[in-house]
Amino acid sequence: MKGHSVEKIGGTSMAATEILFDNVLVAGRSGADLYDRIFVVSAYAGMTNLLLENKKTGEPGVYSRFVADEDADGWREAMKAVSGAMLARNAAMFERGASRTKADAFVELRIAAITACLDDLARLRSHGRFCVKEQLMTVRELLAGLGEAHSAHSTALLLRDRRVNALFVDLTLWDQGDLRSLDERIEAAFADIDLATTLPIVTGYAGCEGGMVRRYARGYTEMTFSRLAVITGAREAIIHKEFHLSSADPRLVGEDKARKIGRTNYDVADQLANLGMEAIHPGAGRGLRQSDIPLRVRNTFDREDGGTLVTADYVTDVPRVEIVTGIAQMQALQFFEQDMVGVKGYDAAILEALTRHRLWIVSKSSNANTITHYLSASPDKVKSVIADLQQQYPDASISSQPVAMVSAIGSDISRPGLVPDALRALEEAGIAMVALQHQIRNVDIQFIIESRDFDAAICALHKALVEENDDIGAGAAEGRRAA
C-alpha cells in the first residue's frame, strides 16, 4: 500500500517497552521499511494518573493535590513521586548511559519548570486577595502534556540508539504562549519533515487554542492522532492497544468464548465510545470517517495478527451481533411532569442542566409525560442536577436510581428473532429487565437492568446472541458495501 500510516500507542503498550519495539516500532523492519509511519504516543501507563488523578479510583495526583492542598505540601510530594516514576522508567529502559543521561535531564528540566510555575501560583494564592481559579485549567494542561513529552522524547532516543532516524516532535507547547489551533500546530510541525527518511515520534498532547484537556478530557491523545491522520492524508490510522477488539470481555465470558472482531464500521466504534470502551474517542472517529481513512485496532502483544479493520462502508454479510458490552454502574434520571403533554421546553431544560454539570448522557427515552436519561455519572452529581431541576420545576416528580446497561452491538443486527432470543436468555438467567432501547438503525439494542446483574447479563446475552449464532464466524467475513 502506498502512502504513510499514522499510529497511536496506548499507555499500557508504551510501558511494555521491549515488546513494543519488537512488535510495533521496529518489528523486524530495516532500511526504508522503517519509515512512512508517524507514531503518536500516550504517557507510560499510570503516569497521567500520577500527574492528574487516577482515572478509575479518583486517587489524587499532582493536579488534584494542588487544587485541594492550599498551603500544604501535598502537591510537591506528588511531584516528587512523578519525578521518581519517570526516572525509574528511564533506568529500566535505557542501556546506553549517554541516552539515559539525556532522558533524565529532559525530565528534570520539564519538572523543574512546571514546579516553578506551581510555586508562583501557590505564593499568589497564599495572599488571599488573588484568585487563581481561572489558572487551574492551565495547570492541568501543563501537567497532562508532561507525561506525553516524557514518553515521546524517551522513545525517540531509544530508536536512535537502534540506528533509526527518529525525530521527537513536541506539540506540548510547554514554554510558549502561541496558542494556535490544533490543525495549525500540526501543519507547522510537519511542514519540513520527510516521512520517507524520518520516523516522527509525536506527543499525544498538543498545546492549542481552547486546551486539549478542557475540550477532550482524557481522550486528547486520540484527537491528536486523528487530526494528524487527516491533515497529513494518511492511508490508514492504526491504534495499538493491549487487547484485541473482541465480542465481549474475555475475563467475563471466557477466553475460549470471546471472538476477535475482524471487520466492523464506524457506527459500531461510535457505540463503543458512547459506552466508555477505549476503542476510539467519538470526535477522533468522526474525522477519520469523514476523510474516508480506515482505522485498524491492533493488539501490541500479537505481532502477527492484523487486528480489527474499521471502515465507513462495511456491513456484515449476515445480520448478527458483533459485540456485547455495557456499563455496570449508571444512574437513570427520571423526570415526570403531568403537564408536559404537548408542551415544549422540558427536554431542553434538562439537557441544559446536564450540560452545565458535565454529565455524560449514554441514552435517553421519553413518552407523553416522562423523560428518562441514562447517565454515566456518580449519584452525587445526579443529585445536584435534580436539585437544580426541582427548583426550576417545583411540581415535577424527579428521581434517580442506579442501573446497568448491557448493549448488543453490530454493523447490522436486523436478524429476525434477535430481541425475543435476548429476552429469553435474560429470563432464563433470572435477570429482570428494567427497560429496553432499540433504535431504527439496527446498530445496537440496550438492555437496562439492575447493576448486580451486569456480569450475568453479559454472559447470558453473549451466549445467546454470539456463541449460539452459527453465522457469526470469527468476524473475518468481508461483508458487503453499505448502500
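Data block above holds the structure.
Here's what I pulled together on the structure shown here. Since this is a predicted model, take the numbers as computed values, not measurements. Residue positions are counted from 1 within each chain, in the order its sequence is given. Side-chain atom pairs in this predicted model are given and counted only at pLDDT of 80 or more, local residue features only at pLDDT of at least 70, and totals for whole chains, interfaces and linings cover all residues. As a rule here, side-chain values cover all heavy atoms of the structure and leave hydrogens and water aside.

### Considering the pairing of strand β5 (residues 236-241)
Here's how the labels work: a residue is buried when its accessible area is under 20% of the maximum for its type, exposed when over 50%, partly exposed in between, all with a 1.4 Å probe on protein chains only. For the purposes of this entry, the term helix denotes a DSSP run of H or I that reaches at least four residues, the term strand denotes a run of E that reaches at least two, and both are numbered from the N terminus. Burial analysis of β5 places six of its six residues in the buried class, which makes it a mostly covered element. Because side chains alternate across β5, one face comprises the buried residues Glu236, Ile238 and His240, and the other comprises Ala237, Ile239 and Lys241, equally buried. Paired strands, as defined in this entry, are two strands with at least two bridges between them according to DSSP. Across five bridges, the pairing between strand β1 (residues 5-9) and β5 is parallel. Within β5, the position partnered with lysine 8 by the bridge is isoleucine 239.

### Brief notes about the nonpolar core
Residues enter a nonpolar core if they are buried and are Ala, Val, Leu, Ile, Met, Phe, Trp, Tyr or Cys, with the set joined through side-chain atoms within 4.5 Å. Counting residues in hydrophobic clusters, the biggest one holds 84 residues, and the most contacted among them are Leu143, Leu159, Ile201 and Leu295. With 11 residues, helix α7 (residues 136-161) is the largest single contributor of residues to this core. Core analysis: the next-biggest nonpolar cluster, separate from the first, contains 24 residues, Val321, Ala408, Leu426 and Ile445 among them.

### Details of the packing of aromatic side chains
Any two rings among Phe, Tyr and Trp, with Trp reduced to its six-membered ring, count as a pair given centres within 6.5 Å; such a pair is stacked if its planes are under 30 degrees apart, edge-to-face if over 60, and tilted if neither. A complete count under the given rule lists six aromatic pairs for this structure. Where phenylalanine 335 meets tyrosine 346, the ring centres are 5.9 Å apart and the plane angle is 55°; that geometry is what we call tilted. On the criterion of sequence distance, the pair formed by phenylalanine 335 in strand β10 (residues 323-336) and tyrosine 346 in helix α14 (residues 346-356) is long-range, its members being 11 residues apart. In this pair, the class of phenylalanine 335 matches that of tyrosine 346, namely buried. Among the aromatic residues, those joined into a cluster by ring pairs are Phe335, Tyr346 and Tyr393. By the criterion adopted, a ring carries a charge over it if an Arg CZ or a Lys NZ lies within 6 Å of its centre and within 35 degrees of its normal. Positioned above the aromatic ring of tyrosine 44, the side-chain terminus of arginine 89 is 5.1 Å from the ring centre. The ring of phenylalanine 21 carries arginine 162 above its face, with NZ or CZ at 4.1 Å from the centroid.

### Side note on the sheet that holds β10
The strand order β11-β12-β10-β13-β15-β14 describes an open sheet built from six strands, whose pairing is antiparallel. If you trace the sheet from one side to the other, it starts and ends with β11 (360-366) and β14 (433-438), each paired once. Ignoring strand direction, the axes of neighbouring strands in this sheet form an average angle of 30°. Relative to strand β12 (residues 370-376), β11 runs antiparallel, the two being bridged by six bridges. Bridging from a neighbouring strand, tryptophan 360 pairs with serine 376 of β12. Whether two residues are in contact is decided by their heavy atoms, any of which lying within 4.5 Å being enough. An axis is simply a line fitted to the C-alpha atoms; with a helix, the fit covers only the stretch in contact. Between two such axes, the angle follows the N-to-C directions and lies from 0 to 180 degrees. The sheet contacts of helix α16 (residues 418-428) involve β14 and β15 (444-449), and relative to β15 the element is tilted by about 25°. Here helix α17 (residues 454-467) sits on the sheet and contacts β10, β13 (397-409) and β15; the angle it forms with β10, its principal contact strand, is near 125°.

Spatial relationships are all this shows, so hold off on functional conclusions.
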